[in-house]
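Survey of secondary and tertiary structure
The chain contents come next:
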Amino acid sequence: MSILLSNGKEIPIEMHKIRIVQRVRLAPAAERLQAMEKAGYNTFMLRSRDIFLDMLTDSGTNAMTDLQQAAMMQADDAYAGSESFYRLTDAVEDVFGYKYVLPVHQGRAAEHLLAKTFIKPGQVVPMNYHFTTTRAHFELVGGTVLELYADEALNTQSSHPFKGNIDLARLKECIDKYGAEKISFVRMEATTNLLGGQPYSMENLKAIKAMIEPLGIFLLIDGSLISENAYLIKQREAGYADKSIKEIIREMMEIADILYLSARKSCSVRGGMIATNRKDLHDAIRPWLPVYEGFFTYGGMSSREIEAMAVGMREMTELEVAGSAADAIKYFVNRCVEEGIPVVTPPGGLACHVDARRMIPHVPQSQYPAGAMSAAIYIAAGIRTMERGSVSMDRDREGNDVPSDLELCRLAVPRRIFTMSHYEYAVDRLKWIKANADLIGGLVFFEEPPVLRFFAGLMKPLGGWGQKLAAKFAQDFGPNC
Ligand code: F0G
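Quick notes on the rules
- Residues numbered from 1 in each chain as written.
- Predicted model: local features only at pLDDT ≥ 70, side-chain atom pairs only at ≥ 80, totals over all residues.
- Heavy atoms only, no water.
- Helix = DSSP H or I, 4+ residues; strand = E, 2+ residues; numbered from the N terminus.
- Rg over C-alpha atoms; globule rule 2.2 N^0.38 Å.
- Buried < 20%, exposed > 50% of the residue type's maximum accessible area, 1.4 Å probe, protein only.
- Contact = heavy atoms within 4.5 Å.
- Areas by Shrake-Rupley, 256 points an atom, 1.4 Å probe, with all protein chains shown as cover.
- Lys, Arg positive; Asp, Glu negative; His and termini not counted.
- Charge placed at Lys NZ, Arg CZ, Asp CG, Glu CD.
- Axes fitted to C-alpha atoms, helices over the stretch in contact; angles between N-to-C directions.
- Parallel < 35°, antiparallel > 145°, perpendicular 65-115°, else oblique.
- Left-handed = near helix turned anticlockwise from the far one by under 90°.
- Nonpolar A, V, L, I, M, F, W, Y, C, P; charged D, E, K, R; others polar.
- Near = heavy atom within 4 Å.
- Polar contact = N/O pair within 3.5 Å; in protein donor to acceptor, adjacent residues only side chain to side chain.
- Expected span 1.5 Å × (residues − 1).
- Pairing = 2+ DSSP bridges.

With respect to the overall build of the chain
- On a plain count of helices and strands, the chain comes out with 18 helices and 16 strands.
- Over its C-alpha atoms the chain spans a radius of gyration of 22 Å, differing by no more than 12% from the 23 Å that the globule rule assigns to 481 residues.
- Taking all 481 residues of the chain together, 58% fall into the buried category.
- Sequence-distant contacts, at least 24 apart, represent 72% of the contacts inside the chain between residues at least 6 apart.
- Counting only carbon and sulfur atoms, one obtains 52% of the accessible surface of the chain, whose full area is about 19,100 Å².
- Considering the chain, the positive charge centre built from 54 side chains and the negative charge centre built from 59 side chains are found 4 Å apart.

Written as structure tokens, this is what we have:
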């Protein structure tokens, strides 16, 4: 929710009270430098105790509600036929209108099952944009990911409301080129993560479906951030202002054939699922569920999480919940723009994304500017962010680095975790970093895993710039900041 102040300014407003808190500590810059050095300039390798504001991700880090926590107490731990599962299926039917539910331990487990079931070697999978784990799973089974976004999607200074749309002319070309039999399915990701949390429109979804349905190609939605996408449709698409979040989600689901999601995001728990009304799709996946995840009625999740997921799923359709992160992001992004910090616009549904190419233009892409930006933000502010650039791209089959379309550094906004003063602090430190951008250099790998290297790869700062940045920070703010 946002609220209008008497001076005409809009601010995000919390529609909840905070009754349980967890302490954080702001270690001084010299300590932060040491922690970053130890972590190999990879924010995934930091220890939580060394972090002031953890903006790495919104995955599994949203604040749960009292009702979610209460629901956990009624968990039914029956190995088979658990009542918790049936409470989840009731919620799925109510929120999405889908009757078949396959629970999985998290989003990538759904991707694994979908890839194994539907992607044959040599097939292609058109989509608005890949997510890291999606690409890894789809390529591991021999598929090729085709990203059919419009050119505007890569413009980080845009006002286009739906940069997560598929370019319909490109989809048509793709179908003409490969033919329906070579296309596994079309995947649409809600608030497209790696494009900066940008939504798709309902109009686009309808047009895609109209194009692929007659050819027997099915439409898959990655709904990890489905309520945020629905919220942005309500705000931005003509004809949706008066519709409820639930009505908008239901409309999307009527268009799509099958949905999967990481429940770690919009549902504010730790889990995932695949759901559909198509018996043929459900029956094709189902045999693999107990092989890779767990029995049909828990699929690798604890019953407690399943109970909380059922509640979180219903709660995400409430306007205040669906908009809680999106409105904070809008404020955070707009404040950055006001201060001249280059961030992705328009604001999306996931994070505030710093455009490292514009922030440190002197660092070439081969030296991972987004990775360097992420390390610099930790050193200067104690804020943990996530690299979403070339470090997040694995090497191609020949072992060459694959330059990313965008070099973004993501300051994720988990729901109900941060307050306005946290965002203001972040904006202030980003401003300082921009003013001292010339001190920041590139990175080079010294340890590099073969798959999803961004998780555990270790890097060094070229020319030892980390030390110089920490020293300048201590000089400007004193040794204890
Ligand atoms: N799809 C999308 C759009 C995601 O954002 C994620 C995870 C996944 C699938 C995989 O789900 O983590 O539950 O296995 N995104 C997290 C993030 C990791 O930080 O953005 P998972």
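Some details on the packing of helix α15 (residues 369-381) against helix α16 (residues 420-435)
- Contact geometry for α15 and α16: axes closest at 10 Å, N-to-C directions at 115°. As summarised for this structure, α15 and α16 are arranged roughly perpendicular, according to the angle between their axes. Judged by the twist between their axes, the crossing of α15 over α16 is right-handed. Along its contact with α15, which presents Met-373, Ala-376, Ile-377, Ala-380 and Ala-381, the element α16 presents Tyr-425, Arg-429, Leu-430, Trp-432 and Ile-433.
- Residue composition of the contact of α15 with α16, by class: 9 nonpolar, no polar and 1 charged.

Let's talk about the site of the ligand
- Not every one of the 17 residues close to the ligand is listed here, only the nearest: Thr-57, Arg-108, Asp-222, Ser-262 and Arg-410.
- Taking Thr-57, its side chain carries an N or O atom lying 2.6 Å from an oxygen atom of the ligand.
- Within the side chain of Gln-106, a nitrogen or oxygen atom sits 2.8 Å from an oxygen atom of the ligand.
- In isolation the ligand has 470 Å² of accessible area, and contact with the protein removes 95% of it.
- With 3 residues, the single largest contributor to the shell around the ligand is helix α4 (residues 107-118).

Here's the deal with α16
- Between its first and last C-alpha, α16 extends 23 Å over 16 residues, near the 22 Å set by a 1.5 Å rise per residue.
- Taken together, the buried positions of α16 are occupied by Tyr-423, Tyr-425, Ala-426, Val-427, Arg-429, Leu-430, Trp-432 and Ile-433.

Points about the environment of Phe-96
- Tracing the sequence through the fold places Phe-96 in helix α3 (residues 83-96).
- Between the C-alpha atoms of Phe-96 and Asn-334, which are 238 residues apart in sequence, the distance is 32 Å.
- Each residue touching Phe-96, except ones within four places of it in the same chain, is listed here: Ala-91, Ile-226, Ile-249, Arg-250, Met-253, Leu-259, Leu-261, Met-273, Met-313 and Met-316.

A closer look at the environment of Ser-324
- With respect to the element layout, Ser-324 can be found in helix α13 (residues 319-338).
- With 235 residues separating them along the chain, Ser-324 and Thr-89 place their C-alpha atoms 25 Å apart.
- Not counting residues within four places of it along the chain, the set of residues in contact with Ser-324 comprises Met-1 and Arg-415.
- At 2.9 Å, the side chain of Ser-324 and the backbone oxygen of Val-321 are in polar contact.

Regarding α13
- Relative to the 28 Å expected for 20 residues at 1.5 Å per residue, α13 spans 27 Å between its end C-alpha atoms, a close match to the ideal helical length.
- Note on α13: the residue one or two positions beyond its end, Gly-340, has a positive phi of about 75°.

Description of the pairing of strand β14 (residues 408-412)
- Judged by how many residues are buried, β14 sits mostly within the fold: 5 of 5 residues are covered.
- Going residue by residue along β14, you find Leu-408, Arg-410 and Ala-412 tucked away on one face and Cys-409 and Leu-411 tucked away on the opposite face as well.
- Summarising the sheet, strand β11 (residues 351-355) and β14 pair through 5 bridges and their orientation is antiparallel. In the sheet register, Val-354 faces β14, and the bridge partner there is Cys-409.
- Relative to β14, strand β13 (residues 386-388) is paired through 3 bridges, and the arrangement is antiparallel. Bridge pairing in β14 places Arg-388 opposite Leu-408.

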